[in-house]
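The primary structure of each chain is shown beneath.
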Amino acid sequence: MVRDKSISSMLMDVIIHIIMIFVLVVTIYPVLHVLASSLSGRIANEAGLVSFYPVDFTVEAYVMIWQAGTVPNAFVNSVQYTAVGVLIQMLVTTSFAYALSRKGVPLRGFLTFFAIFTMYFSGGMIPTFMLVRNLNLLGTMWALVLPPAMGITNMIIMRTFFQNLPAELEESARLDGANDLTIFFRIILPLSKAVLYTIGLFYAVGHWNSWFPAMIYLRDPDMFPLQLILRQIVVLAGDIRDAAMTGELHAVGFLGQINVIAIRYAVVCIAIVPMLIIYPFVQRHFIKGVMIGSLKG
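Numbers given for residues are sequential positions, taken from 1 along each chain in its written order. Side-chain atom pairs in this predicted model are given and counted only at pLDDT of 80 or more, local residue features only at pLDDT of at least 70, and totals for whole chains, interfaces and linings cover all residues. Side-chain measures here rest on the full set of heavy atoms in the structure, leaving out hydrogens and waters.

A. Inspection of a nonpolar patch on the surface at higher detail. Excluding any residue in a salt bridge, patches collect residues exceeding 30% relative accessible area, merging like charges within 9 Å and nonpolar Val, Leu, Ile, Met, Phe, Trp and Tyr side chains within 5 Å. Each accessible area is a Shrake-Rupley result for a 1.4 Å probe, and residues are judged covered by the shown protein chains and nothing else. The term salt bridge refers to a pairing of a side-chain nitrogen on Lys or Arg with a carboxyl oxygen on Asp or Glu at a separation within 4 Å. A contiguous nonpolar patch, built from Leu11, Met12, Ile15, Ile16, Ile19, Met20, Phe22, Val23 and Val26 and spanning about 860 Å² of accessible area, is present on the exposed surface. A run of H or I in DSSP counts as a helix once it spans at least four residues, and a run of E counts as a strand once it spans at least two, with each numbered from the N terminus. By the secondary structure assignment, Ile16 is in helix H1 (residues 7-38).

Written out as structure tokens, the structure reads:
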């Protein structure tokens, strides 16, 4: 038998729903505005007539971006950097977290202290740049994916998860003759999908949105990631001739009546689409992983 809700409970439900609707509107409106602006005409954009639906609908900005070639090339670069970076980070983070979660590992306490120490103290930008230069990584993809190979906070979350897995599983596997690598890859990781998806999403978003390391370490414009191109377009939008893709736009005959605002927002749309596509597939694991990492100690 279902009991009737009290008035205070129903009132609380109404308040929660109102707050959630407000948050939803505040979150969705900027996205709709950016999408609408990228599909609107130059005059409508410059006059500020665009809200959450296109005015003078046109896909000219996307056509110009495609013909210029700079943004599609940067998109491919970002996908490559993100895929390689996440693979390296997940391998390093999971292996280190698993080692620290085992009580019999030598120097376990020292390694934990050493890892946590780096959360508060680091060499800084200049020493890091000198290290990357001395390792001959300047101008290569490895300058972007190797320095951030492990996030300490994510490693601690993953270590906590591993510590809460039943120890009997590992003991049973060792009785069957399994070694550490077999236990790690065939038992621990398959049971850790929630935290793996969660940390993987964190790393993917971090790599995808990263532009500052590329600005420091890369010199070849053909290697620039999408976010760095987006920054150049947004920062230099007042004078589009100074933007990274201006040369290509001029070459295809678009410089003159160029829709700067639409191009800027079109690049933003292209930049956010991959994360919007990925998130629904990992949402279930993401929520579970966050709860596990926050409640278990």
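What follows continues from the structure just given.
B. A look at the pattern of salt bridges. Taken as a whole, this structure holds four salt bridges when the rule is applied. Of the charged contacts, one joins Glu46 and Arg42 as a salt bridge, the two residues approaching to 3.5 Å between their closest N and O atoms. Taken together, the residues span about one helical turn, with Glu46 and Arg42 both in helix H2 (residues 42-46) at a distance of four residues. Exposed residues in this analysis have more than 50% of their type's maximum accessible area, buried residues have under 20%, and partly exposed residues fall in between, with area computed by a 1.4 Å probe over protein chains only. Owing to a relative accessible area of 27%, Arg42 belongs among the partly exposed residues under this scheme. For the salt bridge of Glu170 with Arg174, the shortest nitrogen-to-oxygen distance reads 3.0 Å.

C. Spatial organisation of the packing of helix H4 (residues 70-101) against helix H5 (residues 108-120). To define axes, lines are fitted to C-alpha atoms, for helices over the stretch in contact only, and angles between the resulting N-to-C directions are given on a 0 to 180 degree scale. Two numbers describe how H4 lies on H5: the axes approach to 9 Å, and their chain directions differ by 135°. Judged by the angle between their axes, H4 and H5 are oblique. Once H4 is placed against H5, the crossing between them reads as left-handed. Across from Phe96, Leu100 and Ser101 in H4, the residues of H5 making contact are Arg108, Leu111, Thr112 and Ala115. Amino acid classes used here: Ala, Val, Leu, Ile, Met, Phe, Trp, Tyr, Cys and Pro are nonpolar; Asp, Glu, Lys and Arg are charged; the rest, including Gly, are polar. For the contact of H4 with H5, the per-class residue count stands at four nonpolar, two polar and one charged. Under this scheme an angle from 65 to 115 degrees is roughly perpendicular, one under 35 degrees roughly parallel, and one over 145 degrees roughly antiparallel; angles in between are oblique. By the definition used in this description, the sense in which the near helix is turned from the far one sets the handedness, with an anticlockwise turn below a right angle giving left-handed and a clockwise turn giving right-handed. What makes two residues a contact is simply this: any of their non-hydrogen atoms within 4.5 Å.

D. Focus on the environment of Ala266. Secondary-structure assignment places Ala266 in helix H15 (residues 260-295). Sequence separation between Ala266 and Leu39 is 227 residues, and the spatial gap between their C-alpha atoms is 7.8 Å. Sequence-distant contacts of Ala266, that is, excluding residues within four places in its chain, are made with Ser38, Ala61, Tyr62 and Ile65.

E. Structural view of the packing of aromatic side chains. Side-chain rings of Phe, Tyr and Trp, where Trp is taken by its six-membered ring, are said to pair if the distance between their centres is within 6.5 Å; with planes under 30 degrees apart they count as stacked, over 60 as edge-to-face, and otherwise as tilted. All told, the structure shown has 11 aromatic pairs when counted by the stated rule. Ring geometry for Tyr98 against Phe162: centres 6.2 Å apart, planes inclined by 80°, an arrangement best described as edge-to-face. With Tyr98 in helix H4 and Phe162 in helix H8 (residues 152-163), the pair connects residues that are 64 residues apart, well separated along the chain. We note that Tyr98, like Phe162, is buried. Taken together, the ring pairs in this structure connect Tyr98, Phe161, Phe162, Phe184 and Phe185 into an aromatic cluster. The rule for a charge over a ring is simple: NZ of Lys or CZ of Arg within 6 Å of the ring centre, and within 35 degrees of the ring normal. It is Arg264 that lies over the ring of Tyr265; its NZ or CZ is 6.0 Å from the centre.

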